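Chains, contacts and geometry: an overview
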Amino acid sequence: WSWPLIKLMPTVFLKSHELYDKITQILTENNSTILLKTSWFTKTDILVTSDPANVQHILNSRYSIYQRGSEFRKAFDFFGDAIFLKDVQEWKEEKKFTHAFYKENRFQKSSLKIIHQTLEKSLIPVLDHMSNQNQVLDLQILFNRYMLDTTCLMATGFDPGSLRIGFPKSPLLDAMDDMAEVVFRRHILPERVWKLQRWLRIGKEKKTAEACNILNQTIADYVSKNQELNAKKQENGDEFDVLKFYLAEATAKGSTKHTETGFLAANVMTLLYAGRDTSAALLTWFFYLISRNPFAENKILAEIRENFPPRRHFFPNAQELSKLVYLHCALCETLRLFPTTPVIIREPIQEDVLPTGHKVDQTTKVILCSYAMGRMPKIWGEDCKEFKPERWILPGKGGIKHVGSNSFLGFGSGPWACPGKELAFTRMKAVAATILHNFKVEVPEGQTICPGVSAPLTLKHGLKATVSSRWI
Ligand code: HEM
C-alpha cells in the first residue's frame, strides 16, 4: 500500500471515531496484515497486523528486537526515568525492583482496603446524591475520578480527593487528561510537526508544559511527605503503598538511585497513567454494553444477588468477587470489543521477517492492533461483533475460559505485558458489582457513542446515565 501522509492525516483527525473500525475492515480484507508505504516526509513505513502468529513473534519469541522505541520515548518524554520507556536490557534489570510490589500480599490487601474505603467514602455518596437529586451524570467522569483517587492512594498513600459530590476542580485530574491527549497526538503526528508546535507553544503542546509542572509538583510533594512520614516511622507503619515499598526495598538493598525523587516521581506517574484511564474507560464501555444487552445485565444481576446479602452492601471481599464469574467474563468481553489500549506499537532494532512473510527493519513502525484482533471472525467466529460474555465460559465446567494473549491482546502479551492485570480486574469487579447491586443504572438512548481522540480508547462524548437507589 502506498499511503501518502496527506491522505493519512484527514482520516486520523476528521474521522478519528471511525479509525479503528476502518483499520479492522482493511485488516479483515487483507489477511490480517498490511504494510503502508508512507511518504518521504515521515521516512517510516507502517506495518499493521492483527495476526496471532505475528503477535507471538513480535511480543514473545523475538521481543528483545522489538522495542517500544525512540518515538515512543519521545512521545512520553515528560515521564522521565519511567521503567516502560527503557530499552530491553535496562528494563529487565529495573523490572525486578519496580514491579516487585504487584506480587506482594501486602499490596493486594491494602489495594482491597483502599477500594472499599473509596467506594464507601466517595463513590457511593456521589451516587446517592445523584440518585436523590435525580441528576444525570457522566459515568466516564465518575470512573476517571474514582480510578485517579484509588491509584494515587495505592501509589503514594495520598488521596487527591477528585471524586467528591459536585465533582470539584482537580488540577491533577486536568493535567492527566491533557497529557493523555498529547501522548496520543504525538503518536499520530510526525515528530517534526509536534516538535514545531511545542517550540511555538501552540495547540495542545502548549498545555503540556503546564500539565507537566502540575504533575511533577504534586507527585514530588507526595514523595516528600511520604519520605517524611517514613523517616518519622509514624503510627501508620502497617499501611502499605508503592512509595513506601520502594523506599524500604532501596534501604534494604543499599540503593540510593531508587530513593531519588526523579525515579520515584517517574514511577508514580507511570502508575497513575497506566492504572487510571485504562480501567475507567473499560468500566464505561462495560456499562454502555450491558445497557444495550439486557440479557447479559440480568445474568450479572442474578449472579450478584446470589453472592451478596439482600441489602445495601459496599464491601465485596476477595472471596465474593472471585464468585462473580459471569461479571468477569463480561469485562473480558468488553475488553475484547473495546480494548482500552487499542494498539501496541513497536520498532524493530534490526531487519526481520515476520511469520506472514513481511520484511521489517529499523525504518518500520510495527502496530499490533488489539482493536482489530478482538473483531476478527477467524479468531472469534462470525458473531465476533456481538457482546456475548458466554464465549468466555468453559463449556460444561462453568469456569473462565483461558484465551491465549496472542489472540486476545487486551493486557498485552509476553514479557512487556501488563503487570496490573489482577488489580485491574479486582477493582473493576468491585466497582461494577457495588454499583449494580445498590443502584439501578439507566443509560438513555440517543447518545452519540464513539471512541475519542486519546491514548486509551475512551468514549468521545462520555456516557450519560441516571442512577436510582435499589434499597429505599
Ligand atoms: C483495564 C485495565 C488495564 C488495561 C486494559 C491495561 C493494559 C495494558 C497493556 C496492553 C500493557 C502493555 C503495553 C505494551 O506492551 O506496550 C500494559 C502495561 C502496563 N500496565 Fe496495564 N492495563 C490496565 C490496568 C493497569 C493497572 C491497574 C496498572 C497498575 C496500577 C497497570 C500498570 C501497567 C504498567 C506499569 C505497564 C508497563 C509495564 C512495563 O512495560 O514494564 N495497568 N497495560
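About the criteria used
- Residues numbered from 1 in each chain as written.
- Predicted model: local features only at pLDDT ≥ 70, side-chain atom pairs only at ≥ 80, totals over all residues.
- Axes fitted to C-alpha atoms, helices over the stretch in contact; angles between N-to-C directions.
- Helix = DSSP H or I, 4+ residues; strand = E, 2+ residues; numbered from the N terminus.
- Parallel < 35°, antiparallel > 145°, perpendicular 65-115°, else oblique.
- Left-handed = near helix turned anticlockwise from the far one by under 90°.
- Contact = placed C-beta atoms within 7 Å.
- Nonpolar A, V, L, I, M, F, W, Y, C, P; charged D, E, K, R; others polar.
- Near = placed C-beta within 6 Å.
- Pairing = 2+ DSSP bridges.
- Buried ≥ 20, exposed ≤ 12 C-beta atoms within 10 Å, placed from the backbone.
- pLDDT = per-residue confidence, 0-100.
- UniProt positions renumbered as here; feature names shortened; annotations may be inferred.

Remarks on the packing of helix α10 (residues 203-232) against helix α11 (residues 242-253)
Close contact between α10 and α11 brings their axes to 10 Å; oriented N to C, the two are set at 60°. Classed by the angle they form, the pair α10 and α11 counts as oblique. Between α10 and α11 lies a crossing of right-handed hand. Here α10 contributes Val-223, Asn-226, Gln-227 and Asn-230 to the contact with α11, which in turn contributes Leu-243, Lys-244 and Leu-247. Here the contact of α10 with α11 is composed, by residue class, of three nonpolar, three polar and one charged.

So, the site of the ligand
With respect to spatial proximity, 24 residues lie near the ligand, and among them Ala-274, Gly-275, Gly-412, Cys-418 and Gly-420 are the closest. Looking at the shell around the ligand, the elements with two or more residues in it are α12 (261-292) and α18 (421-438). At seven residues, the largest contribution of residues to the shell around the ligand is made by α12. Of the residues in the shell around the ligand, the class split is 13 nonpolar, ten polar and one charged.

A short note on the sheet that holds strand β4 (residues 136-138)
In a beta sheet, neighbouring strands are held together by backbone hydrogen bonds and run either parallel or antiparallel to one another. Strand order in the open sheet formed by three strands is β4-β10-β9, with antiparallel pairing between adjacent strands. Every interior strand has two partners, whereas the edge strands, β4 and β9 (439-442), have only one. Neighbour-to-neighbour, the strand axes of this sheet turn through a mean angle of 40°, independent of strand direction.

Some words on unusual backbone geometry
With glycine set apart, most residues show a phi of negative sign, and most peptide bonds adopt trans. For Asn-31, which is not a glycine, the phi torsion comes out positive at approximately 55°. We classify Asn-31 as exposed; it has 11 C-beta atoms within 10 Å. Phi at Arg-201 takes a positive value of approximately 55°, unusual for a residue other than glycine. With respect to the helices, strands and loops of the structure, Arg-201 is situated in the loop between α9 (191-200) and α10. Judged by local crowding, Arg-201 falls into the exposed class, with 11 C-beta atoms found within 10 Å.

Some thoughts on the confidence of the model for the protein
When pLDDT is averaged across the protein, the result is 89; 93% of the residues are at 70 or more. For the stretch residues 1-7, pLDDT sits under 50, and the model shows 14 contacts to residues farther than four places along the chain or on other chains. At the level of chain-chain contacts, confidence expressed as ipTM amounts to 0.98, with global pTM at 0.93.

Structural notes on the sheet that holds strand β3 (residues 66-67)
What the five strands build is an open sheet, ordered β1-β2-β8-β5-β3; its pairing is mixed. Looking along the sheet, the strands with just one partner apiece sit at the ends: β1 (33-37) and β3. Sheet analysis places strand β2 (residues 45-49) next to strand β8 (residues 364-369), joined by five bridges and oriented parallel. Residue pairing across strands places Thr-49 opposite Leu-368, the latter belonging to β8. Contacts from helix α3 (residues 52-61) reach β1, β2, β3, β5 (343-348) and β8, with the element oriented near 120° to β8.

Structural notes on the UniProt feature "binding site: heme" (unreviewed entry) in the protein
Per the UniProt record, the feature "binding site: heme" (unreviewed entry) sits at Cys-418. Setting aside its immediate chain neighbours within four residues, Cys-418 contacts Phe-411 and Gly-412.

What about the environment of Lys-460?
By secondary structure assignment, the location of Lys-460 is in the loop between β9 and β10 (464-469). With ten residues separating them in the primary sequence, Lys-460 and Cys-450 have C-alpha atoms 5.7 Å apart.

A short note on the packing of α12 against α18
Between α12 and α18, whose axes approach to 11 Å, the crossing angle comes to 40°. In terms of axis orientation, α12 runs oblique to α18. Where α12 crosses over α18, the handedness of that crossing is right-handed. Listed contacts from α18 to Ser-279, Leu-282, Leu-283 and Phe-286 of α12 are Ala-424, Arg-427, Met-428, Val-431 and Ala-432.

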